[in-house]
Each structure stands twice: as structure tokens, then as C-alpha cells.
There are 4 protein chains.
Amino acid sequence: MKRLKYPIIVLNLKTYSEAIGEGALRLARIAEKVSRETGVEIAVAPQHTDLARVAEAVSIPVFAQHVDPHKPGSWTGSVLVEAIKDAGAVGSLVNHSEKQLKLSDIAASISRLREAGLIPLLCTNDPTVSAAGAALEPEMLAVEPPELIGTGIPVSRAKPEVVTQSVESVRRVSRAVHILCGAGISTAEDVEAAIKLGTEGVLLASAYVKSKEPEKLLKSMAEAALKG
Amino acid sequence: MKRLKYPIIVLNLKTYSEAIGEGALRLARIAEKVSRETGVEIAVAPQHTDLARVAEAVSIPVFAQHVDPHKPGSWTGSVLVEAIKDAGAVGSLVNHSEKQLKLSDIAASISRLREAGLIPLLCTNDPTVSAAGAALEPEMLAVEPPELIGTGIPVSRAKPEVVTQSVESVRRVSRAVHILCGAGISTAEDVEAAIKLGTEGVLLASAYVKSKEPEKLLKSMAEAALKG
Amino acid sequence: MKRLKYPIIVLNLKTYSEAIGEGALRLARIAEKVSRETGVEIAVAPQHTDLARVAEAVSIPVFAQHVDPHKPGSWTGSVLVEAIKDAGAVGSLVNHSEKQLKLSDIAASISRLREAGLIPLLCTNDPTVSAAGAALEPEMLAVEPPELIGTGIPVSRAKPEVVTQSVESVRRVSRAVHILCGAGISTAEDVEAAIKLGTEGVLLASAYVKSKEPEKLLKSMAEAALKG
Amino acid sequence: MKRLKYPIIVLNLKTYSEAIGEGALRLARIAEKVSRETGVEIAVAPQHTDLARVAEAVSIPVFAQHVDPHKPGSWTGSVLVEAIKDAGAVGSLVNHSEKQLKLSDIAASISRLREAGLIPLLCTNDPTVSAAGAALEPEMLAVEPPELIGTGIPVSRAKPEVVTQSVESVRRVSRAVHILCGAGISTAEDVEAAIKLGTEGVLLASAYVKSKEPEKLLKSMAEAALKG
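Calculation notes
Residues numbered from 1 in each chain as written. Chains lettered and ligands numbered in written order. Predicted model: local features only at pLDDT ≥ 70, side-chain atom pairs only at ≥ 80, totals over all residues. Heavy atoms only, no water. Helix = DSSP H or I, 4+ residues; strand = E, 2+ residues; numbered from the N terminus. Buried < 20%, exposed > 50% of the residue type's maximum accessible area, 1.4 Å probe, protein only. Contact = heavy atoms within 4.5 Å. Areas by Shrake-Rupley, 256 points an atom, 1.4 Å probe, with all protein chains shown as cover. Least-squares fit on C-alpha atoms with pLDDT ≥ 70 in both. Buried area = accessible area lost by both parts, 1.4 Å probe. Nonpolar A, V, L, I, M, F, W, Y, C, P; charged D, E, K, R; others polar. Axes fitted to C-alpha atoms, helices over the stretch in contact; angles between N-to-C directions. Parallel < 35°, antiparallel > 145°, perpendicular 65-115°, else oblique. Left-handed = near helix turned anticlockwise from the far one by under 90°. Salt bridge = Lys/Arg side-chain N within 4 Å of Asp/Glu carboxyl O. Polar contact = N/O pair within 3.5 Å; in protein donor to acceptor, adjacent residues only side chain to side chain.

Novice: Can you tell me about the overall build of chain A, naming the residues and giving the values?
Specialist: Across its full length, chain A holds 10 helices and 8 strands. On the principal axes, the C-alpha backbone points of chain A span a range of 45 × 40 × 30 Å. Within the span of chain A, comprising 228 residues, buried residues form 64% of the whole. Considering only residue pairs separated by 6 or more positions, chain A has 66% of its internal contacts joining residues 24 or more positions apart. Surface accessibility of chain A: about 7900 Å² in total, with carbon and sulfur atoms responsible for 48%.

Put into C-alpha cells, the structure is as follows:
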């Protein structure tokens with residue numbers, strides 16, 4: 001399994017039109033440049049169809065946005081751990097709020113990723129669910145209150161207690177899980193605040209993908225992560 | 001929209017271990033060779049993560065195995081029409097029995113594919129559902145009784161009436177839809193029988209992917225398709 | 001199978017707090033009274049847990065809000081055709097926009113309802129999907145553009161063409177299906193307009209359930225249905 | 001919230017044909033009789049459509065087989081906490097292997113049940129998932145390895161380590177959760193073994209519902225539970 005450094009910034013490219021094909025490559029290359037210049041770990045999660053192209057183009061860690069728990073076989077249309085690994089991914093988001101899974105499938109996906117030497121990044125929506133998620137021992141866990149996703153309102157400001165309570169409830173169950181702040185991160189200040197609340201990084205999407213100056217934004221975030 | 005020739009053989013690579021990465025490329029290249037040699041239209045449907053690599057490697061039509069009906073936006077983990085088009089697909093399976101969709105999503109997927117100039121290949125499971133599917137006017141419709149999928153028992157032999165009734169019920173609703181036979185096709189004889197029952201092609205998976213001699217098998221199928 | 005009279009008014013009680021237990025009984029009794037007084041067929045669709053109580057309390061037709069396609073067996077938490085029939089239902093909504101089903105499950109639910117002598121009322125969202133639905137030959141089909149549900153804007157006013165096109169597209173596939181107008185019906189005028197556009201009734205929910213004067217409203221609707 | 005006594009036997013009537021309407025009432029009355037005679041807590045989980053009738057007919061605790069996490073509103077076809085409470089249920093199964101839920105919905109269902117004074121009985125499939133489930137603090141948690149459900153092979157015999165590991169992993173996360181053994185229980189010996197492995201009861205279905213002598217079987221199980 002690839003060893004990641006913390007703090008970490010994970011960039012979810014979602015299915016934005018700016019992040020398809022060449023767009024995904026461009027956003028991944030900027031992330032690679034900023035990571036090299038600042039020394040901060042930055043990972044990128046492109047769409048399935050761009051996974052191989054992005055993983056070949058950049059040297060930063062590449063994550064899938066979702067993975068199904070199935071073993072190879074008759075699962076037309078599914079995305080397998082074996083397939084994302086072959087495409088060059090080092091891990092996968094699991095249970096993003098836009099791609100939620102049944103509990104047993106979350107457990108199976110995390111388990112299959114680990115067996116393949118890949119890194120699970122589990123998404124949860126509140127402190128209680130974060131504690132439940134921590135029991136499944138993902139490498140990373142990102143708390144994203146659904147009501148804040150895509151709003152530009154950082155959870156660290158709107159609901160700092162969701163972050164601190166999540167950190168506490170996760171810690172009661174597991175000391176190994178790395179906790180990220182996953183909603184409403186749009187500025188360097190948000191990153192710094194997230195780190196100060198006890199997380200080891202952030203998961204963000206629209207603020208980066210839709211930024212007019214993604215390199216400048218990401219650089220300021222990376223620097224803030226080091227300060228945090 | 002790419003014009004396809006009929007009869008057609010569509011190869012669904014599913015998520016078999018033999019069809020990941022290099023395996024998918026190898027199977028696609030064999031299909032390309034047989035298509036060139038026989039003049040029969042052969043399409044291949046690899047996994048999402050292999051779509052771009054396969055589409056770049058071969059000149060035969062490449063289909064996605066599934067596509068979500070969403071427009072670009074916040075749909076982490078989904079596979080968009082825009083993304084498969086960018087990756088080089090000319091169409092997509094829709095509603096495969098292993099990836100079934102809600103009725104309104106089937107309609108939206110077909111509609112979005114067509115608007116993007118891509119070809120929908122709708123899968124259905126019996127004559128009644130085939131009639132319903134025909135009303136949505138996909139370019140192709142493959143009937144696959146779920147109880148025969150992966151059995152090696154051709155629907156044309158086990159249940160020829162499912163094929164003939166599907167052809168009839170589809171024709172009552174639409175004259176434009178091309179009907180494929182989609183379950184239990186494992187030999188050249190099955191292909192010939194399917195064509196004789198009134199279809200314009202076949203959709204198959206395991207028989208090709210897991211064949212010890214895929215080129216020989218596919219060539220015999222292509223020749224049978226011309227005879228049928 | 002119970003023979004219904006047309007025009008018909010179908011009252012979907014949804015899961016509104018006003019329509020649980022005693023509330024459901026009260027709303028069903030008012031409907032029974034108005035039906036008796038006006039001679040117009042009025043049916044009511046309470047929640048599963050109220051089905052038996054409502055069916056025992058009133059003599060008007062009672063529908064389930066949803067039914068699963070499974071045969072009796074190991075389906076914990078599902079609602080079977082056999083169960084709603086035993087509870088006294090004469091039919092069931094199928095594929096309501098708030099409980100959408102896979103295409104093959106819609107077909108199976110309609111088929112199982114008919115085999116049990118119960119009446120399927122299929123919900124669809126636009127003219128194309130209505131044509132597909134008509135091929136499955138439900139007794140009734142309600143068109144409800146999702147963007148109008150619960151808005152109080154009648155489809156007959158906002159998008160009369162959705163109704164007329166649905167009527168036309170359904171008629172091309174089946175002459176037996178009874179078409180209802182299923183979104184935004186909140187006044188007697190809406191009912192009259194829906195009938196004038198070629199439908200044989202309406203499916204409504206909030207306007208009735210949340211009305212301060214449900215009896216008065218329903219009576220005016222029943223009278224409008226006769227005029228329409 | 002109703003206080004339950006332990007050990008407990010929970011009878012899931014599923015959607016078996018023997019357990020619809022009068023069948024459900026008969027099976028519930030036998031359970032009531034055995035509970036009264038042996039002093040052992042026995043609960044019964046009938047189908048939604050039978051919930052009110054069963055709860056009115058017997059004085060033992062009645063559970064729903066499933067509950068949706070929604071608040072009252074526009075959720076046609078869903079089963080709400082408010083509705084099962086009104087029907088007389090004291091709690092609900094949550095996430096049965098035949099009705100699995102997304103993680104956030106499990107958390108919301110448990111939370112809504114508790115707020116309404118009802119008892120959540122969470123079903124899980126292995127020790128890891130049981131630990132995750134325990135973090136959500138349901139009153140009861142039943143471990144049912146899916147591969148043993150309905151086989152008649154008791155988990156306590158086939159995989160006793162699944163039970164003991166689940167007990168341990170749950171205990172690490174919560175001391176308050178009552179653990180049940182939920183798969184393959186078909187004899188009094190199985191009940192005794194389950195209790196001896198550290199559980200406080202059993203969840204069973206087919207062995208009781210399909211028994212030729214359900215009263216005799218249940219009585220022997222209740223006596224075994226006291227011995228265990």
C-alpha cells in the first residue's frame with residue numbers, strides 16, 4: 001500500500017464538465033505541480049473513464065471516486081478494485097454522499113481495497129456515522145455534512161462541533177484512522193481551520209474544479225495546511 | 001451518430017478478470033481483426049476504466065457497459081454520457097440485467113445518449129418488457145431472459161418463443177429498433193439460430209471472454225451471422 | 001378484478017402526518033361519503049400499515065401505495081401482492097415518482113397484480129415513458145411530471161401538452177389503458193381541465209390531505225369530473 | 001420506550017405465505033401463549049400490512065420488519081416510524097439482510113426510532129460490521145452471516161467464531177447493546193448454544209413459521225434460552 005503523507009488535500013473532480021478528459025488531466029497536472037512545489041501531499045479523484053489517463057500522466061496519488069465490492073465476474077457496468085488498481089489508482093473514495101452504499105458493501109469495499117493494497121477513503125455525514133465508519137478501519141475518513149456540500153460554507157465555520165465531535169468519536173473507536181474535513185472547503189482559511197480542529201486534511205471539489213485560478217488557490221491551501 | 005452495420009455481434013467484456021486492462025485490449029484487438037477479415041460489424045463493451053484505452057487501440061465500435069442519466073455536475077462516482085463520449089465510446093449498454101435502472105432513468109439515458117450522438121443498446125428481459133423498451137426508441141434492443149444469462153443455453157434453443165415474441169412485440173411498437181439476441185449465445189450455431197429467428201445480431205459475454213480460442217470462436221460466429 | 005367506474009379520483013394519502021391511523025380513516029370516510037353522494041368513483045391509497053384498517057372501514061376501492069414484485073418467501077420488509085390483497089386492497093400504485101422501480105420490477109408487479117385479480121395503477125413522468133408503460137398494459141396510468149408534483153401547479157395548465165401527448169402516445173400502444181392526470185391537481189377547475197384534455201380521472205395527494213375543508217373540496221372535484 | 005427482558009426470542013415472520021393475515025395472527029398468538037407459559041420474552045415481526053392487526057391481537061412486543069428514515073411528508077410507499085408506532089409496534093428491525101440500507105439511513109432510522117420511544121433491532125452480517133453497528137447504539141443487534149440465513153445451519157455451530165468475535169467487537173464499542181444470534185437457528189439446541197456463546201437471544205424466521213408444530217418448537221426454544 002502506498003504510504004501517504006499528512007496533512008493531505010484530496011481533490012474530488014466529481015462529474016463536472018470542467019473535469020472530463022483534458023480537463024481532468026489539466027487539473028491533475030496543476031495539483032502535481034503544487035504538490036511538488038509545496039511538499040504537501042495532494043491527491044486527485046477523477047472519473048472512472050479518466051482514471052487510467054490521469055494516473056499515467058501524473059505522479060501524485062490518484063483515487064477512484066467509487067468502487068463496487070464485487071469480485072471479478074458477471075457485474076456488467078460495475079467498477080472493481082482490480083480494475084481501478086490496473087488503471088493506476090492507489091485508492092478509492094467509498095460511500096461519498098453522492099454515491100452512498102449499503103453498510104455491508106462499505107465494509108466489503110474497504111476490505112477488498114485493503115487486500116489489494118489500495119487505500120480506502122471513507123466518507124461519512126456526521127459524528128455518529130463517523131464512529132461507525134471508524135470501526136471499519138479505513139485509512140482515511142472524511143466527514144461531510146450533506147447540508148454543507150457544495151455550499152461554499154465550511155463545516156469548520158458553520159458547524160465546527162461536527163468536526164470536533166467527529167474527531168472525538170472516531171478516536172474512541174480507532175487511533176489509526178486519518179480524519180479529513182470534507183464539506184464547504186473553499187479557501188485557504190477553511191483549510192487552516194479544518195487542520196486546527198484536529199483533522200489531518202481536507203476533501204474538496206467545486207472550489208478547486210471551478211476556480212478561475214486553481215493553481216493559486218491550491219497553493220494557498222497547501223501552505224495553509226502546513227500552517228494549520 | 002455512428003452508423004452501424006447489421007448483423008452485429010456485441011461483445012460484453014463484463015468485469016471478468018480476463019478482461020481487465022491488457023486483457024480487454026487483447027480481446028478488443030481480436031474482435032477488430034475478425035471484423036476486418038469477415039466484414040461483420042463487431043463491437044466491444046469494456047469496463048469504464050478501460051474505455052479510453054480500448055477506444056484508442058481499436059477502430060471497431062466501443063460501447064460503455066452502463067451510463068448514468070445525469071447531466072454534468074455533482075455526481076461523484078457516476079459515469080456520464082459526456083465522459084464516455086470523451087473516452088471514445090460510440091454508445092452504451094442501458095439497463096443490462098446486472099445493472100438495471102429505474103424506468104425514468106432508462107428513458108433519460110437513452111434520450112441523453114441520442115442527444116450526444118451516441119447509440120443506446122437497451123437490454124430487456126422478456127417480450128412484454130421489450131415492447132415497453134421499444135417505445136423508448138433505442139437504436140438496438142437485446143432480449144436476455146435472466147434465467148439463461150451465463151448458462152451457455154441459447155435462448156434461441158431453450159426459449160425460441162421469447163425471441164420470436166420479442167421481435168413481434170417490438171415490431172408492433174417500433175419498426176426502427178434493431179433487435180439482438182442476448183442470452184446463452186456460445187456457438188456459431190446459436191448465432192445462426194438467433195438471426196434466423198428474426199434478430200439482427202447477438203450480445204454475448206462469457207463464451208467469448210473465457211474462450212480458449214476466442215479468435216476462432218468469433219470468426220465462426222461472424223460467418224454464421226452472415227449465413228443466418 | 002373489481003370493475004372501476006370512470007371518471008375516477010384517486011387520493012394518494014402519502015406519508016403525511018395528517019394521514020396516519022385515525023387521520024387515514026377520517027380522510028377515507030370523507031371520500032366514501034362524497035363518492036356515495038356524487039356517484040363518482042373515488043379511491044384512496046393509505047400507507048401499508050393503515051391498509052387493512054381503512055379497507056375494513058370503508059366500501060370505496062382501497063389501493064396500496066406500492067407493492068414489491070416478489071413471490072411469498074424470504075423478503076423481510078417487502079410488501080407483497082398477496083399481503084395487500086389479504087388486507088383488502090383492490091389494487092396498487094406502481095412506480096410512483098417517490099417510489100420508482102426498475103423496469104423489470106414494474107412489469108413483474110403489474111403482472112403479479114393482474115394474476116391476483118388486483119388493479120395496477122402505473123405512474124409515469126412524461127409522454128415517452130407513458131408509451132413504454134402502456135405496453136405493460138396496466139388498468140390505469142397516471143402521468144405526473146415530477147417537476148409539478150406537490151407544487152399546486154396543475155399539469156393541465158403548466159404543461160397541457162404533456163397530458164395531450166401522453167394520451168396520444170399511450171393510445172398508439174394500447175386502447176385499454178385508462179389515463180389519469182397526476183400532478184398539481186388542487187382545484188375543481190384542474191379536475192375539469194384534466195378530463196377535457198382527454199384523461200379519465202386524476203391522482204392527487206396534498207391538496208386533499210392538507211385541505212382545511214376536504215369534503216367540500218372533494219365534492220367540487222367530483223362534480224367537476226362529471227362535467228369535464 | 002418499552003423495557004424488554006432478556007434473553008429474548010424475536011420471530012421474523014418475513015413474507016412467507018404461512019404468515020399473511022390470519023397466518024400472522026395465529027403465529028403471534030402461539031408466541032404470546034409460549035411467552036406467558038415460560039416467562040421468556042418473545043417478540044414477533046409481521047409484515048407491514050399485518051402490523052396493526054397483530055399488535056391489537058396480542059400483548060407481546062410487536063416489531064416492524066423495516067422502517068424508512070423519512071419524516072412525515074411526500075414519501076409514497078414508505079413506512080414511517082410514526083406509522084409503525086401508530087400501528088402498535090414497539091420497535092423495528094433495521095437493515096435486515098433482505099432489506100439492507102445505506103449507512104446514513106441506518107443511523108437515521110435508529111435515531112428516529114429512539115426519538116419516538118421505539119426499539120431498534122439492527123441486523124449485521126459479520127463481526128466488523130457489528131462493531132460499526134454498535135457505534136450507532138441500537139438497543140439490540142442481531143448478527144446474521146448471510147451465507148447461513150435460511151439454511152438451517154446454526155451460526156453457533158457452523159461459525160461459532162462469528163458469534164464470539166461479534167460479541168467481542170461489539171463490546172469494545174458499546175456495553176449497552178444487546179446481541180442476538182440471527183442465522184440458522186432451528187432447534188432448542190441452537191438457542192442454547194447461541195446464549196452460551198455470549199448472546200442474549202435469537203432472531204429466527206423459517207424454522208418457526210414453517211414448523212409443523214410451532215408451539216412445541218417455540219416452547220423448547222424458550223426453555224433452552226433460560227438454560228443457556
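Having put the structure on the table, let's press on.
Novice: Could you give me a rundown of the relation of the copies chain B and chain A, with the residues and numbers involved?
Specialist: Each copy of the sequence occupies a distinct position, and chain B is placed on chain A by a rotation of 180 degrees and an axial shift of 0.0 Å, giving an RMSD of 0.0 Å. On this basis, the relationship between the two copies can be described by a two-fold rotation axis. Considering only C-alpha atoms, the part of chain B nearest the rotation axis is T49 of chain B, at 2.5 Å. Comparing contact sets, 100% of the residues at the interface of chain B also lie at the interface in chain A, consistent with an isologous, same-surface contact.

Novice: Account for the interface of chain A and chain D, naming residues and giving values.
Specialist: Counting from both sides, the interface comprises 15 residues of chain A and, opposite them, 15 residues of chain D. Between chain A and chain D, roughly 1400 Å² of surface is buried when both sides are summed, and carbon and sulfur atoms account for 74% of that area. Per-residue buried area on chain A facing chain D is highest for Q100, K102 and L103 of chain A; these three make up 37% of the total on that side. The set of elements that each furnish at least two residues to the side of chain A that touches chain D consists of α4 (103–115) and α5 (127–134) of chain A. Residue composition of the side of chain A that touches chain D, grouped by class: 9 nonpolar, 5 polar and 1 charged.

Novice: Can you break down the environment of V167 of chain A residue by residue, with the values?
Specialist: Residues and elements named next belong to chain A. Within the fold, V167 resides in helix α7 (residues 160–173). On the basis of relative accessible area, V167 is assigned to the buried category, the value being 12%. Residues V167 and H178, 11 residues apart in the sequence, show an inter-C-alpha distance of 9.3 Å.

Novice: Tell me about the packing of helix α8 (residues 188–196) of chain C against helix α10 (residues 214–227) of chain C, and please be specific about residues and values.
Specialist: Packed helix pairs are characterised by how far apart their axes lie and by the angle those axes make with each other. Residue and element names in this part refer to chain C. Across the interface, α8 lies against α10 with an axial gap of 8 Å and an inter-helix angle of 25 degrees. As far as their axial angle goes, α10 and α8 are roughly parallel. Along this stretch, α8 crosses α10, giving a crossing that reads as right-handed. Residue-level contacts link A188, V191, E192 and I195 of α8 to S220, M221, A224, A225 and K227 of α10. Residues that form the contact of α8 with α10 fall into these classes: 6 nonpolar, 1 polar and 2 charged.

Novice: A description of the interface of chain B and chain A should follow, citing residues and the corresponding values.
Specialist: Between chain B and chain A, the contact holds 34 residues from the first and 34 residues from the second. Here chain B and chain A share an interface that buries about 2800 Å² over both sides, 54% of which is from carbon and sulfur atoms. Per-residue buried area on chain B facing chain A is highest for T15, T49 and T76 of chain B; these three make up 26% of the total on that side. Put simply, D86 of chain A and R53 of chain B hold a salt bridge, and the shortest N to O gap is 3.1 Å. Inspection of the region where chain B meets chain A yields 20 residue pairs in polar contact (both at pLDDT 80 or more). Sorting the residues of the side of chain B that touches chain A by element identifies α2 (51–57) and α3 (81–86) of chain B as the ones contributing at least two each. Considering every element that reaches the side of chain B that touches chain A, the biggest residue donor is α3 of chain B, with 4 residues. Of the residues assigned to the side of chain B that touches chain A, the class counts are 12 nonpolar, 15 polar and 7 charged.

Novice: Report on unusual backbone geometry, specifying residues and quantitative values.
Specialist: Going from Y6 of chain A to P7 of chain A, the amide bond is cis rather than trans, its omega being 5 degrees. In this structure, P7 of chain A sits in the segment before β1 (8–12). Although it is not a glycine, K14 of chain C sits at a positive phi angle of roughly 45 degrees. Mapped onto the secondary structure, K14 of chain C falls in the loop between β1 (8–12) and α1 (22–38). Exposure remark for K14 of chain C: the relative accessible area of 3% places this residue in the buried category. Although it is not a glycine, E137 of chain C sits at a positive phi angle of roughly 50 degrees. Along the chain, E137 of chain C turns up in the loop between α5 (127–134) and β6 (140–143).

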